[in-house]
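Residue strings, one per chain:
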Amino acid sequence: MTTISHAVPATTLLEVQNLSKSLVGVQILKDINFSVRSGEVHALMGGNGAGKSTLIKCLSGYWSFEAGSVTVGGQPLEPNAGQIAFVQQDLGLVPSLSVSENISLSNGFETGLFQNIKWKEQADVVGALLSDLGHSDIHPESKIRDLNPVQRTIVAVARAAQSLRQGAKVLVLDEPTASLPVDEIDRLFGTLNRLRETGVGMIYVSHHLSEVFELSDRISVLRGGGLVSTQKVSDATEDHIVEQMLGQKVQKAKTKKDALRLVETQPVLSTKKLCGSRIQDVDLDLHPGEIVGLVGLQGAGCTELAELLFGAQIPSAGEIALNGKPIAFQHPADAMRAGIGLITEDRHVNGSFLEHDLSENMAASDIRRFFKAGWLSKKAEVAEASDHIERFGIVPQEADRKFAAFSGGNQQKAILAKWVRMAPKVLICDQPDIGVDIGAKQAIYQSLQEEAAKGASILIISNQYDDLEALCHRVVVMQGGRLVNELTGENINEHNISVAALGGGAIVSGAAS
Amino acid sequence: MTSANETLNDLSLKTSEIPRKKRLTQMAPYGMVILLAAEILMFSLLAPKTFPTTASMNVVANSSAILGLITLALLVPLIAGEIDASLPAVLTVTSLTAASLMSHYSWALVPAVGASLTLATLIGLINGFLVVRFKVPSLITTLGTFTILIAVITGLASGRVIEDGLPADTLAMLSEPKPLGLPLPLIYLAVTAFVVWYITEQTPVGRHWKAIGSSEPSARMVGIKTGRLQLMAFAFGGFLAGIAGTVQLFRAQLGSPNVGPDLLFPGLTAAFLSAAAFKLGVYNVRGAIVAIALVQFGITGLILTGAPYWSDQIFTGCTLIAALVVVRLMRSDR
């Protein structure tokens with residue numbers, strides 16, 4: 001099949017008309033109109049909460065929708081009818097199964113007379129599929145867990161391609177490059193272009209402006225559940241798209257926060273050419289009283305850097321110095337002794353003890369202080385917890401309530417209380433706003449500002465760029481495990497942070513590090 | 001301020017239901033205790049002449065001791081997030097080793113017991129090392145050591161009991177007296193239970209175990225040295241299984257290759273069930289004691305009411321499942 005020219009209107013494969021969707025009384029999607037043509041890559045962009053994933057879930061049949069219509073190749077959309085192929089954000093592969101098995105789980109096995117799987121034929125079919133996509137390097141019998149992230153992504157694409165062969169018309173890719181290093185993205189794009197040439201229409205969800213401009217034909221921007229615009233890539237500019245995503249004209253930074261007097265202070269924590277898993281040559285200085293924002297896309301290495309600074313990972317090269325003296329943390333306990341705290345990204349995985357009492361959670365970082373004369377004093381533990389509950393406004397005010405029974409915001413306040421009690425010299429907060437309501441978020445930020453005013457150095461990893469604009473004295477940007485940009489002073493605003501995080505717009509940084 | 005979720009929950013309940021529901025939820029931690037009381041009451045009514053007597057209580061106490069001790073041993077690694085399934089075999093190895101040292105090598109009682117307890121601790125330590133160092137799943141690994149130990153048991157005893165040349169009088173003195181009317185093995189259990197309770201609930205080490213058991217990554221991220229502490233839990237579990245083996249030796253006054261391995265399932269069940277009492281969702285010593293009592297009173301009661309000999313296992317199974325279901329139903333949070 002030949003490449004379809006944009007001058008001639010291609011067949012419309014997917015047509016979304018006036019789609020609306022509410023969840024528990026809140027309208028998530030409003031009146032969405034959207035189409036995908038054959039041979040087209042249609043990019044879908046928008047910030048967190050814009051409605052991208054809800055729209056995708058409506059297309060996959062995960063959600064039903066109350067108004068509007070979706071047709072695929074002229075037929076109404078039916079759940080699980082295989083009309084649309086998906087490459088999900090987390091790929092949705094079973095690690096313990098082989099490439100061939102994973103592809104067949106959703107598309108059916110080659111079976112014989114007794115429903116026995118014909119393994120040989122099966123492997124041949126999958127092998128042919130992979131080599132069609134230009135990836136004969138992946139063996140059909142390999143286990144998914146033995147593949148690297150690139151190969152896994154290709155397997156997910158191959159599985160989708162198999163669905164396309166079996167009649168699916170449209171391919172939806174939800175942030176397929178999230179776990180890929182920059183140089184591998186080209187290879188994936190090569191594969192996608194081959195599919196495009198066969199007349200497949202694609203929806204491409206991504207946060208990366210540069211990718212979208214390289215790959216897609218049209219861009220639709222969602223914001224707050226509504227469709228802001230659909231335009232040809234040739235008519236769009238990066239700045240314009242970002243503006244539409246943010247919903248505001250680029251504006252001057254508001255005057256905010258106390259100007260920082262860090263000129264002559266010595267950094268409390270500094271790294272030189274620090275390397276670790278996914279981290280390369282990071283030079284970062286954190287000064288007393290400073291609030292530094294750390295931004296980067298998923299997989300940029302922000303969390304890994306936080307773990308290196310906290311001793312949860314061991315650096316492979318480079319050095320970390322505390323007050324000018326080189327240190328080597330072997331364990332988070334060492335970092336804590338040195339006055340460093342870390343609020344972890346996922347409090348349910350590695351930041352809390354869900355079935356234990358609130359007071360036990362707060363005491364966990366140093367239970368020894370309640371051990372007196374051979375006994376743990378529950379009384380002292382609860383008394384301290386009650387102080388924290390009071391001070392941080394945790395509701396309900398029950399120290400002996402199970403941690404899991406508190407709301408996200410109150411859980412996060414409790415975790416913050418645990419670290420603030422230590423009077424940390426450096427407090428690293430990895431996405432402190434996730435699953436936290438707005439009131440609690442403000443309270444948490446206020447506490448962080450108080451700690452900074454007392455001389456602590458705060459490092460905040462966040463995707464809430466407006467919050468960073470309001471809070472930070474400095475924002476550093478990570479990409480592919482490196483620090484690639486730094487915003488200071490007047491340059492710190494939501495727009496600049498967004499552009500810098502997406503890797504676009506070289507912004508003159510106020511100070512060289 | 002009330003969270004949105006709570007408001008929704010409250011609204012979804014009819015007003016009249018709230019107090020009753022709340023009371024029931026508050027009682028959930030004591031559900032198993034209530035079940036135990038009901039069980040004792042029931043058998044007292046069914047067999048008023050035989051069940052509520054000192055004699056039958058002695059039977060319960062005597063048979064509880066070894067199961068209780070091995071349950072405590074299993075409980076410790078469990079609290080720290082791992083299973084050591086080899087411990088019931090460690091019990092047997094301990095009692096056989098002590099018996100063999102006295103019988104075949106003419107050791108005195110104290111060094112023989114000391115050496116076998118050291119061996120038990122060492123086996124626990126080896127299990128812990130394998131699990132912590134190589135990050136292999138503890139259940140499978142310790143089932144491996146269990147199998148090896150069964151072979152060791154056969155080698156030590158050739159399928160026979162070891163009784164020649166044991167200081168029978170001393171052993172009898174260590175198990176038969178009844179201070180305050182309580183059988184000595186029960187007192188051993190009580191003392192051990194107190195010690196394990198103290199360590200697991202009243203010391204930083206115990207709290208660290210508990211934290212690791214709840215979430216190992218979280219424990220590490222609050223500065224707890226998880227590997228070292230898990231190693232300690234395995235070693236302590238081994239030591240406690242050694243204590244169980246020692247008490248078994250005192251009680252039987254011989255080294256038997258048969259007592260131990262068969263306690264794996266009852267012991268594990270009681271240890272698991274401990275999380276359904278007092279501190280819901282958390283393995284704890286008091287819960288384990290109640291679970292053991294629940295099982296032992298039931299078995300004794302059945303014998304005394306003349307139920308067929310095979311009914312006790314059906315009863316045990318049913319009690320355990322019933323206890324879990326009752327507590328689950330009483331809970332509101334999950």
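Throughout what follows, the structure given in this document is the object of discussion.

### Overview of the overall build of chain B
- Counting secondary structure elements, chain B contains 15 helices and 0 strands.
- Expressed as a percentage of the 334 residues in chain B, the buried residues total 50%.
- Taking as baseline every contact in chain B between residues at least 6 positions apart, the subset at least 24 positions apart corresponds to 77%.
- As displayed, chain B offers around 15400 Å² of accessible surface, 68% of which is attributable to carbon and sulfur atoms.
- Separation of charge centres in chain B, based on 21 positive and 15 negative side chains, amounts to 10 Å.

### So, a nonpolar patch on the surface
- A contiguous nonpolar surface patch, about 370 Å² in accessible area, is contributed by W375(A), V191(B), F194(B) and V195(B).
- No other element matches the 3 residues that helix α9 (residues 184–202) of chain B contributes to the nonpolar patch.
- As for its position among the elements, V195(B) is in helix α9.

### Observations regarding unusual backbone geometry
- Note the cis peptide between V395(A) and P396(A), where omega equals -10°.
- As for its placement among the helices and strands, P396(A) is situated in the loop between α12 (378–392) and α13 (408–420).
- The phi torsion at E175(A) lies on the positive side, around 45°, for a residue other than glycine.
- Positionally, E175(A) belongs in the loop between β7 (170–174) and α5 (182–197).
- If you check the backbone angles, S106(B) has positive phi at about 55° while not being a glycine.

### A few points about the packing of helix α10 (residues 204–214) of chain B against helix α12 (residues 226–252) of chain B
Residue and element names in this part refer to chain B.
- The interhelical angle for the contact between α10 and α12, taken along N-to-C directions, is 105°, at an axis separation of 10 Å. By the angle between their axes, α10 is roughly perpendicular relative to α12. Note on element contacts: α12 touches α10 through T226, L229, Q230, M232, A233 and F236, opposite V205, H208, W209 and I212.
- Split into classes, the residues belonging to the contact of α10 with α12 amount to 7 nonpolar, 3 polar and no charged.

### Details of the packing of aromatic side chains
- Here the structure, examined in full by the defined rule, presents 14 aromatic pairs over all chains.
- Between F189(A) and Y204(A), the ring centres sit 6.1 Å apart and the planes meet at 80°, which makes this aromatic pair edge-to-face. On the criterion of sequence distance, the pair formed by F189(A) in helix α5 and Y204(A) in strand β8 (residues 201–205) is long-range, its members being 15 residues apart.
- For F189(A), a relative accessible area of 3% corresponds to the buried category.
- Ring centres 5.5 Å apart and planes at 40° place the aromatic pair F43(B) and F51(B) in the tilted group. For the pair formed by F43(B) and F51(B), the shared burial category is buried.
- A network of ring pairs unites the aromatic residues W375(A), F194(B), W197(B) and Y198(B) as a single cluster.

### A look at empty space enclosed by the protein
- Inspection of the entire model under this criterion finds 4 cavities of 30 Å³ or more.
- For the lining of the largest cavity, the secondary-structure elements that each account for two or more residues are α11 (358–363) of chain A together with α10 of chain B.
- At 4 residues, α10(B) tops the list of elements feeding residues into the lining of the largest cavity.
- Classifying every residue of the lining of the largest cavity gives 5 nonpolar, 3 polar and 3 charged.
- Lining the second largest cavity we find I79(B), T200(B), E201(B), K210(B), K279(B), V282(B), Y283(B) and N284(B).
- Of the residues in the lining of the second largest cavity, the class split is 3 nonpolar, 2 polar and 3 charged.

### A look at the pairing of strand β20 (residues 457–461) of chain A
Residue and element names in this part refer to chain A.
- Along β20, 5 of the 5 residues are buried, which leaves the element largely enclosed by surrounding structure.
- Every second residue of β20 is oriented toward a common face, with S457, L459 and I461 on one face and I458 and I460 on the other, all of them buried.
- Here 4 bridges tie strand β13 (residues 291–295) to β20, and the two strands are oriented parallel to one another. Paired with G293 across the strands is I460, a residue of β20.
- As paired elements, strand β19 (residues 426–430) and β20 share 5 bridges and run parallel to each other. From the neighbouring strand, L427 faces β20, where its bridge partner is I458.

### Overview of the interface of chain B and chain A
- Tallying the contact residues gives 33 residues for chain B and 39 residues for chain A.
- Across the chain B to chain A interface the summed buried area is about 2700 Å²; carbon plus sulfur atoms make up 59%.
- When residues of chain B are sorted by the area they lose upon contact with chain A, R207(B), M221(B) and V222(B) head the list and together hold 25% of the total.
- The interface formed by chain B and chain A holds 2 salt bridges in total.
- Notably, a salt bridge pairs R207(B) with E381(A), separated by 2.9 Å at the nearest N-O pair.
- Applying the counting rule to chain B against chain A returns 12 residue pairs in polar contact (both at pLDDT 80 or more).
- Broken down by secondary-structure element, the contributors of at least two residues to the side of chain B that touches chain A are α9, α10 and α11 (216–221) of chain B.
- With 6 residues, α10(B) is the largest single contributor of residues to the side of chain B that touches chain A.

### Points about the side chain of E39(B)
- Mapped onto the fold, E39(B) is located in helix α3 (residues 31–46).
- The side chain of E39(B) is buried and forms no salt bridge, while R251(B), the nearest opposite charge, is found at 18 Å.

### A few points about the environment of S175(B)
Residues and elements named next belong to chain B.
- Secondary-structure assignment places S175 in the loop between α8 (168–173) and α9.
- Its relative accessible area of 8% is what places S175 among the buried residues.
- The sequence separation of S175 and A80 amounts to 95 residues, and the corresponding C-alpha distance is 32 Å.
- Once you skip the residues sitting within four places of it in the chain, S175 turns out to touch L184, P185, F250, R251 and Q253.
- In this structure the side chain of S175 is engaged in a polar contact, spanning 3.5 Å, whose partner is the side chain of Q253.

Thresholds applied
Position numbers for residues count from 1 along each chain, tracking the sequence in the order it is written. Chain A is the first chain written and ligand 1 is the first ligand written, with later ones labelled in order. For a predicted model such as this one, the threshold for reporting local features is a pLDDT of at least 70, and the threshold for listing and counting side-chain atom pairs is 80 or more; totals across whole chains, interfaces and linings nevertheless cover every residue. For the side-chain quantities, the full set of heavy atoms in the structure was used; hydrogens and water were omitted. Under the scheme used here, helices are H or I runs from DSSP no shorter than 4 residues and strands are E runs no shorter than 2 residues, and both carry numbers assigned from the N terminus. Exposure is judged per residue with a 1.4 Å probe applied to protein chains only, and the accessible area is read against the type maximum: over 50% gives exposed, under 20% gives buried, and values in between give partly exposed. Contacts were defined at the residue level, with two residues in contact if any of their heavy atoms lie within 4.5 Å. Accessibility throughout is a Shrake-Rupley quantity obtained with a 1.4 Å probe, and a residue counts as covered only by protein chains that appear here. Residues scored as positive are Lys and Arg, those scored as negative are Asp and Glu, and His as well as the terminal groups of each chain are ignored. By convention, the charge on Lys lies at NZ, on Arg at CZ, on Asp at CG and on Glu at CD. Patch definition: residues above 30% relative accessible area lacking any salt bridge, with like charges linked at up to 9 Å and the nonpolar side chains Val, Leu, Ile, Met, Phe, Trp and Tyr linked at up to 5 Å. Salt bridge, as used here: a side-chain nitrogen of Lys or Arg that lies within 4 Å of a carboxyl oxygen of Asp or Glu. A fitted line through C-alpha atoms represents every axis, and for helices the fit uses only the stretch in contact; the resulting angles, taken between N-to-C directions, go from 0 to 180 degrees. Note on angle classes: values under 35 degrees are labelled roughly parallel, values over 145 roughly antiparallel, values of 65 to 115 roughly perpendicular, and the remainder oblique. As a working rule, the residues Ala, Val, Leu, Ile, Met, Phe, Trp, Tyr, Cys and Pro are called nonpolar, Asp, Glu, Lys and Arg charged, and the rest polar, with Gly in that last group. Only the six-membered ring of Trp is used, alongside the rings of Phe and Tyr, when aromatic pairs are assigned; centres must lie within 6.5 Å, and planes under 30 degrees apart are stacked while those over 60 apart are edge-to-face, with the rest tilted. Buried and open spaces are told apart on a 1 Å grid over the protein atoms alone, a cavity being a set of points where a 1.4 Å probe fits but cannot get out and a pocket being an open set with protein on both sides within 12 Å along at least five of seven lines. Residues with an atom within 4 Å of a point are the lining residues. Grid points are joined across faces, edges and corners, and a volume is the space filled by probe spheres set on the points. Strands are treated as partners if at least two bridges between them are detected by DSSP. Defined here as a combined quantity, buried area equals the accessible surface (1.4 Å probe) lost by two parts on assembly, summed across both. Counted as a polar contact is a pair of N or O atoms within 3.5 Å, where, for protein atoms, one must be capable of donating a hydrogen and the other of accepting one, and residues adjacent in sequence contribute only when both atoms are in side chains.

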